[in-house]
Amino acid sequence: MSAPGARLPEVRTRSAPLRVGFIPEADCAPLVFAQESGLFEQYELRVELQRESRWASIQDRVSYAELDAAHAPATLPFVTNLALDSDQGACVTGLVLSLQGNAITLSRSLWEEGARDAPSLRDLIYRHWGKRTYTFAVEFPHSPQYFLLRQWFKTGGILPHQEVRIVIVPPTQLFPTLKLGYIDGFCAGEPWTSLAASAGLGVCVGTSAELAPLHPEKVLMVRRDFARARAGEHERLMAALLEACAFCDRPENRPLLAEMLARRQ
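Only a predicted model underlies this, so the values are computations on that prediction, with no experimental measurement involved. (Residues numbered from 1 in each chain as written. Predicted model: local features only at pLDDT ≥ 70, side-chain atom pairs only at ≥ 80, totals over all residues. Heavy atoms only, no water.)

*Asks:* Give a detailed account of the side chain of E163, specifying residues and quantitative values.
*Replies:* Here E163 shows up in the loop between α7 (144-155) and β7 (165-168). With near-sequence residues (within four places) excluded, E163 lies in contact with I125, Y126, W129, G157 and I158. (Helix = DSSP H or I, 4+ residues; strand = E, 2+ residues; numbered from the N terminus. Contact = heavy atoms within 4.5 Å.)

*Asks:* Got a sec to walk through the environment of G200? Specific residues and values, please.
*Replies:* Counting through the fold element by element, G200 comes out in the loop between α9 (192-198) and β9 (202-207). With relative accessibility at 31%, the residue G200 sits in the partly exposed group. (Buried < 20%, exposed > 50% of the residue type's maximum accessible area, 1.4 Å probe, protein only.)

*Asks:* Give a detailed account of the packing of aromatic side chains, specifying residues and quantitative values.
*Replies:* Evaluation of the coordinates by the stated rule reveals five aromatic pairs. The interplanar angle of 80° and the centroid separation of 5.3 Å between the aromatic rings of F136 and F153 together place this pair among those described as edge-to-face. Of this pair, F136 sits in strand β6 (residues 135-138) while F153 sits in helix α7, and the two are 17 residues apart along the sequence. Through a chain of ring-to-ring contacts, the aromatic side chains of F136, W152 and F153 assemble into a single cluster. Taking the ring centre of W111 as reference, the NZ or CZ of R116 above it sits at 3.8 Å. (Phe/Tyr/Trp six-rings, centres within 6.5 Å; stacked < 30°, edge-to-face > 60°. Lys NZ or Arg CZ within 6 Å of the ring centre and 35° of its normal.)

*Asks:* Now, about the nonpolar core: what can you tell me, with residues and values included?
*Replies:* Side chains of nonpolar character tend, in soluble globular proteins, to be buried together. Core analysis: the largest hydrophobic core is formed by 30 residues, its most contacted members being L18, F33, F40, L97, L220, L237 and L241. Sorting the residues of this core by element identifies β1 (18-22), α1 (29-36), α2 (39-42), β4 (91-99), β10 (216-223), α11 (224-229), α12 (231-248) and α13 (254-261) as the ones contributing at least two each. Sorting elements by how many residues they give to this core places α12 first, with eight residues. Residues A118, F136, L148 and W152 belong to the second largest nonpolar core, which totals 23 residues. (Core = buried A, V, L, I, M, F, W, Y, C linked by side-chain atoms within 4.5 Å.)

*Asks:* Break down the packing of α1 against α13 for me, with residues and values.
*Replies:* Close contact between α1 and α13 brings their axes to 10 Å; oriented N to C, the two are set at 85°. Looking at the two axes, α1 sits roughly perpendicular to α13. Counting all contacts with α1, which are made through A29, V32, F33 and E36, the residues of α13 involved are L257, M260 and L261. Considering only residue class, the contact of α1 with α13 consists of six nonpolar, no polar and one charged. (Axes fitted to C-alpha atoms, helices over the stretch in contact; angles between N-to-C directions. Parallel < 35°, antiparallel > 145°, perpendicular 65-115°, else oblique. Nonpolar A, V, L, I, M, F, W, Y, C, P; charged D, E, K, R; others polar.)

Encoded structure:
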């Protein structure tokens, strides 16, 4: 029995459009291309893309059936099923949308102090021990980026949460937070590393391709009851996105994808 006042998710009728959430990062490209090119319509799908600003919002809205599906970190279905950081909701994924694609960025000031990698960062930490604490950000707890950042620290013998702080910052706030000096670096997907580098405020010192080649990064996340009740639409959604992923994977299509991703919506 549900607790009094608990929110009960409802699977909407088949006639309703599919509401698919995404965060505006480069690896949402398959969803954007499928929508902008009419690929969803070719698979007889009505899809509404809904832009979110935080992964926590994606998690909550899928859990409460406010979204039917979402572009999500590969760890998020596991985190949601285990009720870590949110109410429990049975979620599944049948499609990996992207592999790797993250980078570790240090602030320009940290670079100028001599930090080039994790061992040289550790030297700085102990040089300033007791005077300041270095702070790094990721977009979501338990995300691939969090584990990659911890792995990078490990290469220099740095103990996370003891010798450095790791904080959670929404994706769109990473650049301004770095610019204001509130964090000393971050691990995130594009375009945040490129934005920091092009502004002269950050330097890329490691990528997920180096730390964990071909690791799953983003998946198509849905509720289990949605996958069962609207199985036909779910399968067509995955088929459309598989075709979109194949298009996005071809280097000659990058200029068109960049133009689509740059649109205001």
